[in-house]
Amino acid sequence: MTTAVSDRALPKVVSQQSAATPGMPALLIENVHKEFVRRDGTKVPAVDNISLRIEQGEFVVLLGPSGCGKTTLLRCVAGLEQPDSGTIVINGEPHYSSANRLNSPPDKRKLGMIFQSYALWPHMKVSQNVAYPLQVRKVPKSEIRDRVMNVLELAGIKELAEQYPGQLSGGQQQRVALARALVSNNGLVLFDEPLSNVDAKVREQLRFEILKMQAEIGFAAVYVTHDQDEAMELSDRIAVLNSGKISQLDRPEAIYDRPADRYVAKFVGATNEIEGVVKSIGADGMAVVTTEAGPVGGVIGQGGIAVGDTVCIIGRPENFVLGTTAPRADHNEWAGEVLTTMFMGDHRGAVVTVKGWGDVRVHFPSSTTSEIGDSVTVELPPKFARIYKPSEK
Amino acid sequence: MSATDVKTENGAEPDTAQLPDVISSEVASTPLSSSWSRAVERSRRGGWFSVLTVLLGLLFAALVIYPLVRVLLQIFFVNGKFDFSIAQEVLAYPDLGQVLLNTVILVASSMVLALFFGALFAWLMERTDARIGRLAALMPMLPMLMPPIAGAIGWVFLLAPQSGFINAIIRAVLDFFGLHLTTGPLNIYSWAGLIALYTAYQIPFAFLMITTGLRNSDSSMEEASRISGASLGKTLRRITIPVLRPSLGAAALYMVWFGFSFYSVPVVLGTQMNVKVLPVEIVKLLTFTFPANTQVAVGLSIFLVIAIGTAWYFQGRILRNNRHSSIGGKGQRNSVTALGKWRRPAQALLVLYFSLTFVLPLLAQALVALNGYWTTTIKWASLDITRLWTGITANSEALTAFGTSSLLGVVGATIGITLAAIFALYLREHRSRLSRALDGIIKLPAALSAIVVGLGFILAFAGPPFNLGNTIAILLLCYLVLFLPQATIAADAAAAQVDRQLSEASWVSGAGNARTFARINIPLMLPGLVAGWGLLFVWMTGELNASVMLAGTQTPVVGYYILQTFQYGGFATLASLAFGLTLLNIVVLTIAHFIEKRTTARSS
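Residues numbered from 1 in each chain as written. Chains lettered and ligands numbered in written order. Predicted model: local features only at pLDDT ≥ 70, side-chain atom pairs only at ≥ 80, totals over all residues.

1. Thoughts on the overall build of chain B
Each helix and strand in chain B was counted, giving 27 helices and two strands. For chain B, the proportion of its 604 residues judged to be buried stands at 46%. (Helix = DSSP H or I, 4+ residues; strand = E, 2+ residues; numbered from the N terminus. Buried ≥ 20, exposed ≤ 12 C-beta atoms within 10 Å, placed from the backbone.)

Written as structure tokens, this is what we have:
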């Protein structure tokens, strides 16, 4: 992309954004609550009193498994679902407020949205699809054409303008959807699992392009996904959702290195886990847990624990160290036998059978090797062993 | 996923006390009025288009309900007082027992025969190598291509004892062998003839529903049964028929509904034979009796409602007893049984059915029209092609009838399919109690007989204050009420083809409901809507049951005029009209089919 083009594209595409006063959040969600009623009459809170503040230009990912409420929350923001209670403010303008009986329809919210199925209108050409939000908002015809071509160029699909969506590949359709969402919005774009329908290679490419366009145009984004890699790569902050609640809202590094609870730890990245009973608690936020594999030292996770609590200790495969020297007792070192090994390109993986732990997954550099049946020592440095209450599922 | 349900349930939640008005008025047990005002409030939020939709829905609901209320009032009240004397009058109706018995015999016998042949044809087409692709697609359309009134006339031309063409040919052949007959040997004016024509017109429905059932069931279930050691017959008895029970039930229900209000065939044949059946008697009391005996006509129609209601009840039981509704094998091509030496005879049977119900009657109509009068001694040299249409064009009344029907077809089908599309989308996006009630009311006429609906329209709109008797308006409104259920089925299917996210993307882009409807939904639903339009047109131009009561000399429609011409003679015009109507249907359905195909190809 040449700078000349994007310079020309920028002011028009982002024109509405300049209205935003500094410091005003792009999206403010306060105590939004929505329940669904199952067929048997029981109520399920899909979104359970969630509050969330997204700054201008910020990229926030809602991460969670299917049924955690992330899509419902996104659709509430778009106005496609109506919450039961709460407040939704977009760029300082309230659009839903149960207290004021306010619920503006989706066409008044001035958002960009990318749907899971892309939702490109098959009877319109690419240029017509992208022009639609502008036509609807009564932008002068002469301006529409320029803005459409600019945003198509930005998305790298200018040459597809006269094609129908049915003639495009998945990745191209995705770009059209992106262009349509970006062509006219007030600086907030919603993504509803947009990359779940394209294959891995294209997905990676598109993630990169979404980031690039965000850097160029500077929109705020709410991005729903169940793919933790996607979340890590795209986000400024991640909100991990569990049963309609935000379990943790933080930068990706923090989520990964210091998960708030066992649920987040297990959902974000691979884990090894062992149960035990808290033996002693140190002053430095460390504790020792008695397990079947002997005493294990680790860092106390959020929520706190007491001596005698049943807890579980979680360690990530890449934090385990594989050695050949004999294990030292009380040093989080254990003897094990290599069950299988896997070559994974940039690293190797092994499953090591350790008494008490069971099967432990360990990652180590590709340069070192390990054979099936090798007797090895596995170490989990205490600073990487995190202790959680098991009830925090 | 209904926002309404959730909201309603939420009203009972204690922790929502701080959100007073919206929610507390929506406790599950609120009276209907509150749920209506809520719906209006919601639709107001959806913009003027939603308001328009709801208003149209309410207007239409009134159009359905009011005539039916008038029918009920007519039954129970005389001169404003509750009175059940109508029961005595109805029960004293001459030959009532005979009328009911005739009707039941005709419906029941033709139902059994049609189920048998329909299932056989469906099986041959779906599961064996006797399949004839084009015919399979055409078979369910036969009653629409040639409306029963035209078909019945065609069969009279073929099998009348004196001058029926087939009889003449048979007599000529017998003559060759030294056997001289002056009439017969076959006679369409007989119980056999009646039952045969009832059956012929029922088979397509059975075929359609059983075909659908076969398509939705996995043929590997039958294969598993064969591998388990069951014979073909045992497999049929233990697996195929039980699996198809819902389809068979649906077909049987439809036949009861259709058979009890089937008017054209019995009025053409039965009148000559002096075999009285229920729908013909009702219409006779209303239209061909002076002064019209509305009271008893309405009373007799109760029997129609009872018969159809009973059928609905059993249909419901079949569906309830059937817990294996989700049957696997979706999308896969079912395996095909090779019939071997039976393949040709089976195909011959299919072609024979097609010839008997369509080709031969059409030829007979054409022949009578070409000849200018009906005789078995055809002078082939003097056949005149122009007579095909002069039968219509030379007769100003016939021409008016043809024009009126075509106009009603075009206007009615266009309004009908547009309404159906609007309602289908509204119902898809709003699952409130109001929308469900509207849905039920719109589909209600499908559960009633056209005879009853027509009766209701006379009572409700013919006289003051509406004074719509003998106008095109009353016919148009009645057609809309009668055929909107079918139109919504077509529109529902079309709407189901359009992903909801396509509408949502339009809303998020800033378009309201009206614009989304015009620019996204309608273009995408177009193929299905065009097909639906074609069917509506054909149904409306060929409508007879209600038209015969509602049409008058000012507003003749084709079906009504064909019937009149049949009763007073004029076979050339009759043949020309029947042929013209069939031809019109074929042309319209073919064009609709091609437009449908083209628009589908473009947008997919």
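2. Details of the overall build of chain A
Looking only at helices and strands, one finds nine helices and 21 strands in chain A. By residue count, 44% of the 393 residues in chain A fall in the buried class. Residue pairs in contact within chain A that sit at least 24 positions apart in sequence constitute 68% of those at least 6 positions apart. (Contact = placed C-beta atoms within 7 Å.)

3. Describing the sheet that holds strand β13 (residues 286–291) of chain A
All names here are of chain A. One closed barrel holds the five strands; their spatial order is β12-β13-β14-β21-β15, and the pairing between them is mixed. Taken over all neighbouring pairs, the strand axes of this sheet differ in orientation by 55° on average, direction set aside. Sheet analysis places strand β12 (residues 272–281) next to β13, joined by five bridges and oriented antiparallel. Among the inter-strand pairings, Ile281 is bridged to a residue of β13, identified as Ala287. (Pairing = 2+ DSSP bridges. Axes fitted to C-alpha atoms, helices over the stretch in contact; angles between N-to-C directions.)

4. Describing the pairing of strand β11 (residues 245–250) of chain A
Residue and element names in this part refer to chain A. For strand β10 (residues 237–242) and β11, the ladder comprises five bridges, and the chain directions are antiparallel. Residue pairing for β11: Ile238 is matched across the bridge by Asp250. With antiparallel pairing between neighbouring strands as the criterion, β10 and β11 make up a hairpin whose turn holds two residues, including Ser243 at a positive phi of roughly 45°.

5. Some thoughts on the packing of helix α19 (residues 396–429) of chain B against helix α24 (residues 513–542) of chain B
All names here are of chain B. Interaxial distance between α19 and α24 falls to 8 Å at its minimum, and their mutual angle equals 140°. When the interaxial angle is binned, α19 and α24 end up oblique. Between α19 and α24 the crossing geometry is right-handed. The residue makeup of the contact of α19 with α24, split by class, is 15 nonpolar, nine polar and no charged. (Parallel < 35°, antiparallel > 145°, perpendicular 65-115°, else oblique. Left-handed = near helix turned anticlockwise from the far one by under 90°. Nonpolar A, V, L, I, M, F, W, Y, C, P; charged D, E, K, R; others polar.)

6. Focus on the environment of Ile210(B)
Residue and element names in this part refer to chain B. Mapped onto the secondary structure, Ile210 falls in helix α11 (residues 191–216). Taking the C-alpha atoms as reference, Ile210 lies 25 Å from Glu596; in sequence the two are 386 residues apart. In this structure Ile210 touches Gly118, Ala119, Ala122, Leu244, Ser247, Leu248 and Ala251, once residues within four positions along its chain are discounted.

7. Overview of helix α22 (residues 472–496) of chain B
Here α22(B) spans 34 Å end to end across 25 residues, near enough to the 36 Å set by a 1.5 Å rise per residue. The sharpest bend along α22(B) reaches about 50° and sits at Phe483(B), with the proline Pro485(B) one to four residues further on. (Expected span 1.5 Å × (residues − 1). Bend = angle between axes of the 7 residues up to and from the residue.)

8. A look at unusual backbone geometry
At Asn91(A), a position not held by glycine, the phi torsion is positive, near 50°. Position of Asn91(A) relative to the elements: it lies in the loop between β4 (85–90) and β5 (93–97). C-beta crowding within 10 Å serves as the criterion here: with 23 such atoms nearby, Asn91(A) is assigned to the buried category. Residues other than glycine seldom take positive phi values, yet Asp95(B) does so here, at roughly 60°. Checked against the element boundaries, Asp95(B) lands in the loop between α5 (85–91) and α6 (96–127). Residue class for Asp95(B) comes out exposed when judged on the 12 C-beta atoms lying within 10 Å of it.

9. Topic: the nonpolar core
Residue and element names in this part refer to chain B. Grouped together as the largest cluster of nonpolar side chains are 286 residues, with contacts concentrated most on Ile153, Cys478 and Ile562. In terms of residue count, α22 provides more of this core than any other element does, 16 residues in total. Leaving out residues up to four positions away in the same chain, Ile562 has contacts with Ile149, Ala150, Ile153, Leu574, Leu577 and Ala578. (Core = buried A, V, L, I, M, F, W, Y, C linked by C-beta atoms within 7 Å.)

10. Re the packing of helix α9 (residues 148–159) of chain B against helix α17 (residues 343–371) of chain B
The axes of two packed helices give the description: the angle between them and the distance between them. Residues and elements named next belong to chain B. Packing of α9 against α17 brings their axes to within 8 Å, and their N-to-C directions diverge by 70°. Taken as axis vectors, α9 and α17 run roughly perpendicular relative to one another. Contacts between α9 and α17 involve Ala150, Gly151, Ile153, Gly154, Trp155, Phe157 and Leu158 from the first element and Thr357, Leu360, Pro361, Leu362, Ala364, Gln365 and Val368 from the second. Residues of the contact of α9 with α17, tallied by class, amount to ten nonpolar, four polar and no charged.

11. Here we look at the pairing of β10(A)
One ladder, built from four bridges, connects strand β3 (residues 59–63) of chain A with β10(A); its direction is parallel. Following the sheet pairing, Val60(A) is matched in β10(A) by Arg237(A).

12. Details of the sheet that holds strand β17 (residues 333–343) of chain A
Residues and elements named next belong to chain A. Pairing is antiparallel across the open sheet formed by five strands, whose spatial order is β16-β20-β17-β18-β19. Both edges of this open sheet fall to β16 (321–323) and β19 (358–365), since each of them pairs with a single strand only. Each strand of the sheet is rotated relative to its neighbour by a mean of 45°, with strand direction disregarded. In this sheet, strand β20 (residues 375–379) lies alongside β16 in antiparallel orientation, the contact comprising three bridges. From the neighbouring strand, Gly323 faces β20, where its bridge partner is Thr377.

13. Side note on the environment of Val410(B)
Residue and element names in this part refer to chain B. Mapped onto the fold, Val410 is located in helix α19. Among the residues examined, Val410 registers 16 C-beta atoms within 10 Å and is labelled partly exposed. In sequence terms Val410 and Leu248 are 162 residues apart; their C-alpha atoms lie 34 Å from each other.

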